[in-house]
Amino acid sequence: MNMFWLLVLMVFCNGLFMRTSTTSVSTRPNVVNIGAIFSSILPLGKLQKSFGCYFCFTALRFMENDTVAILGPQHSVMAHVISHISNELNVPLLSFAATDPTLNSLQFPYFVRTTQSDLFQMAAVAEIVAYYEWRDVIAIYIDDDHGRNGVAALGDKLAEKRCKISYKARMSPHLTQDDITNALVKVALMESQIIILHIYDTWGLKVLNVARNMGMLGSGYVWIATDWLYTILDTESSLSSPAAMDSIQGVLTLRMHTPNSEVKSKFVSRWRTLTAGVGNTNNSPFRINTYGLYAYDSVLLLAHALDDFFKQGKNITFSNDLNLTEFHGGNLRFDAMSRFDGGAQLLENILQANMSGVTGSIKFTLDGDLIHPSYEIINVIGTGIRTIGYWSNSSGLSVVPPEKVNANPNGSSSNQPSLYGVIWPGQTTQKPRGWVFSSNGRQLRVGVPIRVNYREFVSRIEGSATFNGYCIDVFTATLDLLPYPVPYKFIPFGDGHSNPVGQDLLHKITTGDFDVVVGDIAITTNRTKIVDFTQPYIESGLVVVAPVSKLNSSAWAFLRPFTPLMWCVTGISFLLLGVVVWILERRTNDEFRGPPRKQFFTIIWFSFSTLFFVHREKIASILGRLVLVIWLFVVLILNSSYTASMTSILTVERLSSTVKGIESLIASNDPIGYQSGSYIENYLSNELNILRSRLVPLNTPIEYEKALKDGPNRGGVAAVVDQRAKMELFLSARCEFGIVGQEFTKMGWGFAFPRDSPLVIDMSTAILKLSENGGLQRIRNKWLTRSACSSEGAKEDVDRLQLKSFWGLFLLCGSAGFLALLLYLIKMVRQYMRHSDGSSNKSFISFVKEKESDDADKMQSEESKSRAKRTRSDRVSNRIVHEDESLDGYNRGAYIVYEA
């Protein structure tokens, strides 16, 4: 392979300089020295060997010839070395292939990366790993600046996604076939099967070829190669043959994304024309890769920056570097090197560029990186490739090209997948699990607590290293359901004299002493911060156990459905109803009249007879009937509620306890027992604010029983707080105690693993299968069978009927009675006022006491007498008038006669 494409670029560069010189506004030199450092072998398409000393000498010779800028090198390792020279002499160094993320503007201000940094490539790899929900990966890399710093960036990006590199396979820069084989043998023994290959091109192909021969490119493995692989696919047409593609089938690789544009299309077309007939030894086409496009843009960027430099009226001048004058003489000729006076201005012009090239927009961020970094994600299939998606720093994974996403940021893409389907190694479309249990012969170290109580859950068989119990059976049954064998061994934890502290047991996982902990380990918030738990295999919240006694029936059992206050209010309501009806009916209804003694017993009888709907008194008034109807409805509800509560009291066995639940314990000052070494002490103290001085640690069920029987007055406890599963076993043979109140936490037991352990998901799935096929219930019946002694506790207060359940009825009835009395009073006042107009001297009280029919008769008689008197008076008056008229007629006749 020759360097013809480089010559084309350099010639094109010179053409640009000539064009810019014709439009110059100031005097420009005829020649501007630009250093170019390239290997004699095509970069990133062939084997990258170290030309360290040669590159250094080349760079030093550039500096003797008043060089204003350097293009290259293609190696991150040499870029570190040459950047020091560039910084010292103020000469911008533009590299289109050095992707080491540690080459930054802080340490090397004159280093300009005109391609994408590996920091973004590793961010894309980390997002792919997180997208497929893998947690551990293996990194294979060359142990040099490029490899180490790239993998370090990968580790940081994976940590942001809660993933990690579980194993790093370092390879020497001068590795051999045996080195590759030895490294892959170690990789094959690891649990993770997600392999990130960050290596140079030809070495990478050799690694993949050895991996295929070792069966590591089969089903279950995932290989993600960085952009070195696609650089080869872009450049080497010889890889298109089936034989060459076999070793990279199903591999994912990345390529720096360059948007399609007219400028890019014209450049590629012109390149093909220029390189027609120029190719490799096998006459294959001489193709250009993405790094070649960035190389072209680097020359273009430098040309524009120099053009702006001259337009600003700057001149190319150099001065002696005082730091180098002391190295006078010698073959390296340090004293002949000069500092570029305009280097800072030229660097500023480069970093402030805002133009378009064949790779897209050329613009730098404040950190010195190109804007809008993005990658294509490629899947190698058969003899070809397939783009399954894109990654960009702004939009993450998407099947839509980044330029379209950025052009329409508000566009709806919720129905678009993040990545298209992949053909994985082994020609399968099913997503690999990403790990297998280690095949290096190491057993799973299972930590098991040695308990001194509740041995039904975990117990050690005397004289052996074997354990049994409910938790052990669930664990072994779950392992049997895994799709792969898992060798394990139990490791006891504890001294056998006291229960081990659960937090200490879990701490052994974080220190690497145990791979899993099996036992009565409750899942709590604080514990999930240090370990990962499987799906709970038993529900076991906290409950309160206290001494209980049976509530036997008595002669006064019929009073228990209602509270005393309820009885009092009900009785008073009956009496008030009788009084209201008596007031409404006594003036019109003879049954409510008579001597006071009779009226009193009528009120009492009528009131309580309504309880059985046997009242015989007829209600005549409309208001009285309204009050009675409402009251009968109240009585109906009271009768039904009383009957239901009384039935429950007489037919259901009841237990009574002075402790009603956790609320009554918190409100009291009595001592509370708990299991020693458990999390319960911290929970009661920190979450429920119970003083630690009230908490009494207990170890065995015998201590539980003794403390509960003694009670708080004799040095015992008022109640014990513990997990439900254990308390059910405790109560199975102790009927004098019971669970009072409700379960006040919802927790479960699970198997504890290290954080991000891949076994957690598979074990949780197996637990669900065990629950669905009835295996969990069978194991529970085997170990945790309990008698009928355990009870839900005392609930008598729950079933007693309270006044607050009926106050609405009483209010309705009372309101109706009050309204009826008010209307009746208004009616009586009106009648009394009319009665008073008849010149009656009766008082209002006397008027109300009289029967309404007598008053009506008297009033009618008085009205008749009044009418008779008025009639007689009118007759007398008429007679007198007539007599007067007759007398007047007589007098007038006599007077006429007399006149005559």
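Residues numbered from 1 in each chain as written. Predicted model: local features only at pLDDT ≥ 70, side-chain atom pairs only at ≥ 80, totals over all residues. Heavy atoms only, no water.

Attention now goes to the overall build of the protein. Per the secondary structure count, the protein includes 28 helices and 32 strands. Counting every position in the protein, which comprises 900 residues, the buried fraction comes to 48%. Sequence separation of at least 24 residues holds for 73% of the intrachain contacts in the protein that already meet a minimum separation of 6. Accessible area for the protein stands at about 44200 Å²; split by element, carbon and sulfur atoms hold 55% of it. (Helix = DSSP H or I, 4+ residues; strand = E, 2+ residues; numbered from the N terminus. Buried < 20%, exposed > 50% of the residue type's maximum accessible area, 1.4 Å probe, protein only. Contact = heavy atoms within 4.5 Å. Areas by Shrake-Rupley, 256 points an atom, 1.4 Å probe, with all protein chains shown as cover.)

Take the sheet that holds strand 2 (residues 69-71) next. Taking strand neighbours across the sheet as the criterion, the four strands line up as 1-2-3-4 in an open arrangement whose pairing is parallel. Taken across any chain shown, the strands that pair with only one partner, and hence form the sheet edges, are strand 1 (34-36) and strand 4 (111-113). Within this sheet the neighbouring strands show an average axis-to-axis angle of 20°, counted without direction. Pairing analysis gives three bridges linking strand 1 to strand 2, with the strands arranged parallel. By the bridge assignment, Ala36 is partnered in strand 2 with Leu71. (Pairing = 2+ DSSP bridges. Axes fitted to C-alpha atoms, helices over the stretch in contact; angles between N-to-C directions.)

In this section: the packing of aromatic side chains. The full count for this structure, using the stated rule, is 29 aromatic pairs. Arranged with centres 5.7 Å apart and planes meeting at 75°, the rings of Trp134 and Trp424 form a pair that is edge-to-face. Of the two residues, Trp134 is situated in the loop between helix 4 (118-131) and strand 5 (136-142) and Trp424 in the loop between helix 13 (402-407) and strand 17 (444-449); the sequence distance between them amounts to 290 residues. Taking relative accessible area as the criterion, Trp424 reaches 2% and is therefore assigned buried. One aromatic cluster is present, formed by Phe457, Phe467, Tyr470, Phe475, Tyr488, Phe490, Tyr537, Trp749 and Phe751 through successive ring pairs. Across from the ring centre of Trp435, 5.6 Å away, lies the NZ or CZ of Arg433, which sits over that ring. (Phe/Tyr/Trp six-rings, centres within 6.5 Å; stacked < 30°, edge-to-face > 60°. Lys NZ or Arg CZ within 6 Å of the ring centre and 35° of its normal.)

Looking now at the sheet that holds strand 16 (residues 396-398). Two strands in a sheet stick together by hydrogen bonds in their backbones, pointing the same way (parallel) or opposite ways (antiparallel). Spatially, 6-5-7-8-9-14-15-16 is the arrangement adopted by the eight strands of the open sheet, whose pairing is mixed. For this open sheet the edge positions go to strand 6 (164-171) and strand 16, each flanked by a neighbour on one side alone. Sheet twist, expressed as the average angle between the axes of neighbouring strands with direction ignored, equals 25°. Of the strands in this sheet, strand 5, strand 6 and strand 7 (194-198) are in contact with helix 5 (residues 145-160), which crosses strand 5 at around 165°.

Now for the pairing of strand 28 (residues 695-698). As judged from the four bridges shared by strand 27 (residues 672-675) and strand 28, these two strands associate in the parallel manner. Note that in strand 28 the partner of Gly673 across the bridge is Val696.

Between its first and last C-alpha, helix 3 (residues 76-89) extends 20 Å over 14 residues, near the 20 Å set by a 1.5 Å rise per residue. Roughly 30° is the biggest bend found in helix 3, and it falls at Ile82. For helix 3, the tally of buried residues reaches ten of 14 residues, placing the bulk of the element in the interior. Count one or two residues on from helix 3 and you reach Asn90, which has phi positive near 55°. (Expected span 1.5 Å × (residues − 1). Bend = angle between axes of the 7 residues up to and from the residue.)

Structurally, the α-helix is built with 3.6 residues per turn, so residues lying three or four positions apart point the same way. Its 14 residues give helix 23 (residues 759-772) an end-to-end C-alpha distance of 20 Å, which sits within 8% of 20 Å, the value for a rise of 1.5 Å per residue. Along helix 23, the residues classified as buried are Leu759, Val760, Asp762, Met763, Ser764, Ala766, Ile767 and Leu770. The inward-facing, buried residues of helix 23 contact strand 17, helix 14 (470-480), strand 22 (532-533), strand 32 (752-753) and helix 24 (775-783). Within two residues after helix 23, Gly774 carries a phi angle of roughly 85°, on the positive side.

As a further point, take the packing of helix 4 against helix 5. It is at 8 Å that the axes of helix 4 and helix 5 come closest, and there the two elements cross at 45°. Our classification of the angle between helix 4 and helix 5 gives oblique. For the pair helix 4 and helix 5, the crossing hand works out as right-handed. The segment helix 4 lies against helix 5, with Asp118, Leu119, Met122, Ala123, Val125, Ala126 and Val129 engaging His146, Gly150, Ala153, Leu154, Lys157 and Leu158. For the contact of helix 4 with helix 5, the residue count by class is nine nonpolar, two polar and two charged. (Parallel < 35°, antiparallel > 145°, perpendicular 65-115°, else oblique. Left-handed = near helix turned anticlockwise from the far one by under 90°. Nonpolar A, V, L, I, M, F, W, Y, C, P; charged D, E, K, R; others polar.)

Looking at the element boundaries, Asn379 is found in strand 14 (residues 374-381). Among the polar contacts made by the side chain of Asn379, one reaches the main-chain amide nitrogen of Ile423 at a distance of 2.9 Å. Ignoring any residue separated from it by four or fewer positions in sequence, one finds Asn379 in contact with Gly250, Val251, Leu252, Gly384, Ile385, Arg386, Ile388, Val422 and Ile423. (Polar contact = N/O pair within 3.5 Å; in protein donor to acceptor, adjacent residues only side chain to side chain.)

To continue, consider the pattern of salt bridges. Think of it this way: side chains of opposite charge can pair up when their charged atoms draw near. Inspection of every chain in the model, using the stated rule, returns 25 salt bridges. Among the salt bridges present, the one from Asp145 reaches Arg148, with a minimum N-O distance of 3.0 Å. One end of the pair, Asp145, and the other, Arg148, are both in helix 5, three residues apart, so they sit about a helical turn from each other. Looking at Asp145, the relative accessible area reads 23%, which means it is partly exposed. Each of Glu705, Lys709, Arg734 and Glu736 takes part in one network of salt bridges that share partners. (Salt bridge = Lys/Arg side-chain N within 4 Å of Asp/Glu carboxyl O.)

Looking at the secondary structure, you find Ala816 in helix 26 (residues 807-837). Every residue in contact with Ala816, bar those within four places of it in the chain, is listed here: Val627 and Ile630.

In the segment running from Gly72 into Pro73, the intervening peptide bond is cis, with an omega of 0°. Along the chain, Pro73 falls in the loop between strand 2 and helix 3. The backbone of His372 sits at a positive phi, close to 55°, despite the residue not being glycine. Turning to its location among the elements, His372 is positioned in the loop between strand 13 (360-363) and strand 14. Here His372 falls in the exposed class, since its relative accessible area comes to 54%. One non-glycine residue, Asp756, adopts positive backbone phi at about 65°.

Of all eight residues that make up strand 14, seven are buried, and the element is covered over most of its length. The pairing of strand 9 (residues 252-256) with strand 14 spans five bridges and is antiparallel. Bridged to Thr253 within strand 14 is Ile378. In the sheet, strand 14 pairs with strand 15 (residues 384-392) via eight bridges, with the strands oriented antiparallel. Bridge assignment links Ile381 to a residue of strand 15, and that residue is Gly384. Linking strand 14 to strand 15, which pair antiparallel, is a turn of two residues; within it Gly382 sits at a positive phi near 60°.

For the rest of this paragraph, the subject is the confidence of the model for the protein. On average, residues of the protein score 81 in pLDDT, and 79% of them reach the 70 mark or higher. A low-confidence stretch, residues 40-54 stays under pLDDT 50, and its non-local contacts, those more than four residues away or across chains, total 36 contacts. Scored below 50 in pLDDT, residues 889-900 shows zero contacts in the model against residues more than four places distant or in partner chains. (pLDDT = per-residue confidence, 0-100.)

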